[in-house]
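Observations on the three-dimensional arrangement
The lines below spell out each chain.
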Amino acid sequence: MAENGSHEQVDQVSLTFLVDKEKSRVLFAEAGNDFVDALFSFFTLPLGTIARLVAEESNIEAVRFGSISSLYQSLKDLDQQYLWSHTCKKILLNPGNFMEEYWQSMKLNIADTVPKISYFFCENKACKIENRSCVSFIKNQKCICGKLLKQETARILYQLNSFVKVTSTFIIFDDLNMMPNVVGTSLNLLQKLGVNDVGTIDKQTFNVSKKEVLDIFKLSLISKTPLTEFIFKREQFVGGLDPRNQLEFWIGDVMEPFDEMVVKVVRRKSNGQIMYVEAEEDFADFIFSFLIIPLGRVLHMLKGFSFLSCIDSLYKSMTELSSDKGFRSSVVKDKLIKPTIQWEIQLRHQILPIHDHNLDRTNERVNFVDYKSPIAGGYVKSPLTIMVTDDLVVSPMSTISGVSYLEKLKVPFNDVEERTVRICRKEGLSILKASLTTTSALTNGLNLYIIEQLMNEQRALSIHKE
């Protein structure tokens, strides 16, 4: 629990747990607005921020966030020469949080999110586009005119209150499903949970800081009972990564965009495992774009079914919570359910259903300079051939690197086949979904579509023979 021996002032909030002593499990917890604000803040975090946070030590060891962790590390390791600018790498590794103004008033800010306090204007004061000055949030970014954006100007900040009403209290279950705490709730819940002997129940109250909230967040990504793991410090979690049923990652019919990518898939014939994908820079851009997408936006695209079991439960509870009785406003609820991504860090050709947020672009006085390539609108320089492994490690591709990778994994060359696969929205969503919970994002995300393609080819061949 929270450490009280430190001389440093640490914000803490009180949590009360009801536990079943005989079964060593948490029945539920009672919490106020500050803790629930912290839970809901998970959905504002970009996936890249989550990968960074869960890799840090807290009271529990670092955990792996599906294939996103290896994707994040591969970007850190990627030589700067392959990216459009140093700014691209910086924003992908430290993506902004569009709801940063709300974090200022939060007691339990697990990401240490602070709002951007300055704009940086072009050192060439005469530089304007459509009579608007060029500006960036990143110091020393290169302007369109070639000069640097380094003239600092303070930004007017508005501290917004956090997400739920101050007077609200909540019941939170072991799987992070939650509900408003109303009179009579506790007794009814105990009866529904099958607790008949009051003597088996123990009430425990703890003060938790942001370090303990980070513990719970880590556990929610790898366990189906994070509160029990948190209280009883179990080492074996109910959950974990791989193996998974590939049907979980099948995406039904979606409205397809005009954009698509064509990649070469190298897979094992014996078991269907995808060893790697060989592709052009557009696929690297697409995979890297996962890092800037807020968790809540991912849940929204996947209709609440990410198969991060506890995160799905929490998201469902949030969507069902009344705007009038729970949240400060319906606007706040909508922002949490479907967090936005600022225009200047989005891919220009994004196959996922992510729409621009044009607040800063409509500012009549300034023009925000795009961080990405002015030609392709991506993060990676072109032309470039890249290799993406099953766990989304991205690296430059060569004939030797592909062969060396197969030798490293001791895969016989006669057990390998190549297939050309189109990546559209359906396949892209499936890869994204698989990347959250498995270390085989490509195999789990694409194999069913490859099997479908094989069956269609065989069907067409049999018709042709007839």
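A brief report on the enclosed structure follows.

1. A look at the pairing of strand 2 (residues 25-32)
Summarising the sheet, strand 1 (residues 13-20) and strand 2 pair through five bridges and their orientation is antiparallel. Residue Val19 lies in a different strand from strand 2, and its bridge partner there is Val26. Judged from the five bridges that link them, strand 2 and strand 8 (residues 169-173) form a sheet pairing that is antiparallel. By the bridge assignment for strand 8, Ala31 is matched with Phe170.

2. Quick word on the side chain of Gln350
Take Gln350: it is sitting in the loop between strand 13 (341-342) and strand 14 (356-357). For Gln350, a relative accessible area of 14% translates into the label buried. Only 3.1 Å separates the side chain of Gln350 from the side chain of Ser289, close enough to count as a polar contact. Within the structure, the side chain of Gln350 is placed 3.2 Å from the backbone nitrogen of Leu352, a separation counted as a polar contact.

3. Observations regarding the packing of helix 3 (residues 68-77) against helix 4 (residues 86-93)
When two helices pack together, you describe them by how their axes are tilted relative to each other and by the distance separating the axes. Where helix 3 meets helix 4, the closest approach of the two axes is 10 Å, and the angle between their N-to-C directions is 155 degrees. Between helix 3 and helix 4, the angle is such that the two are roughly antiparallel. For the crossing formed where helix 3 meets helix 4, the hand is left-handed. Residues Tyr72, Leu75 and Lys76 of helix 3 pack against Lys89, Leu92 and Leu93 of helix 4. Tallied by class, residues from the contact of helix 3 with helix 4 come to four nonpolar, no polar and two charged.

4. Here we look at helix 9 (residues 281-289)
Taking burial as the measure, the nine residues of helix 9 include eight buried ones, the bulk of the element. Considered for burial, the residues of helix 9 that qualify are Glu281, Phe283, Ala284, Asp285, Phe286, Ile287, Phe288 and Ser289.

5. A look at the packing of aromatic side chains
All chains considered together, the criterion is met by 12 aromatic pairs. On the basis of an interplanar angle of 40 degrees and a centroid distance of 6.4 Å, the ring pair of Phe17 and Phe230 is categorised as tilted. Here Phe17 is found in strand 1, whereas its partner Phe230 is found in helix 8 (residues 226-232), with 213 residues between them in sequence. The exposure classification of Phe17 matches that of Phe230, with both residues buried. Considering the side-chain rings of Tyr276 and Tyr405, the 6.2 Å spacing of their centres and the 75 degrees angle between planes classify their relative orientation as edge-to-face.

6. Points about the sheet that holds strand 12 (residues 274-280)
Strand order in this open sheet of five strands is 17-16-12-11-18, and the pairing throughout is antiparallel. Each edge of the sheet is formed by a strand with only one pairing partner; in this case those strands are strand 17 (394-396) and strand 18 (416-423). Between one strand axis and the next, the sheet turns by 25 degrees as a mean value, whatever way the strands run. In terms of strand pairing, strand 12 meets strand 16 (residues 385-389) through five bridges, oriented antiparallel. The residue of strand 16 that forms the bridge with Glu280 is Thr385.

Scoring rules and cut-offs
- Residues numbered from 1 in each chain as written.
- Predicted model: local features only at pLDDT ≥ 70, side-chain atom pairs only at ≥ 80, totals over all residues.
- Heavy atoms only, no water.
- Pairing = 2+ DSSP bridges.
- Helix = DSSP H or I, 4+ residues; strand = E, 2+ residues; numbered from the N terminus.
- Buried < 20%, exposed > 50% of the residue type's maximum accessible area, 1.4 Å probe, protein only.
- Polar contact = N/O pair within 3.5 Å; in protein donor to acceptor, adjacent residues only side chain to side chain.
- Axes fitted to C-alpha atoms, helices over the stretch in contact; angles between N-to-C directions.
- Parallel < 35°, antiparallel > 145°, perpendicular 65-115°, else oblique.
- Left-handed = near helix turned anticlockwise from the far one by under 90°.
- Contact = heavy atoms within 4.5 Å.
- Nonpolar A, V, L, I, M, F, W, Y, C, P; charged D, E, K, R; others polar.
- Phe/Tyr/Trp six-rings, centres within 6.5 Å; stacked < 30°, edge-to-face > 60°.

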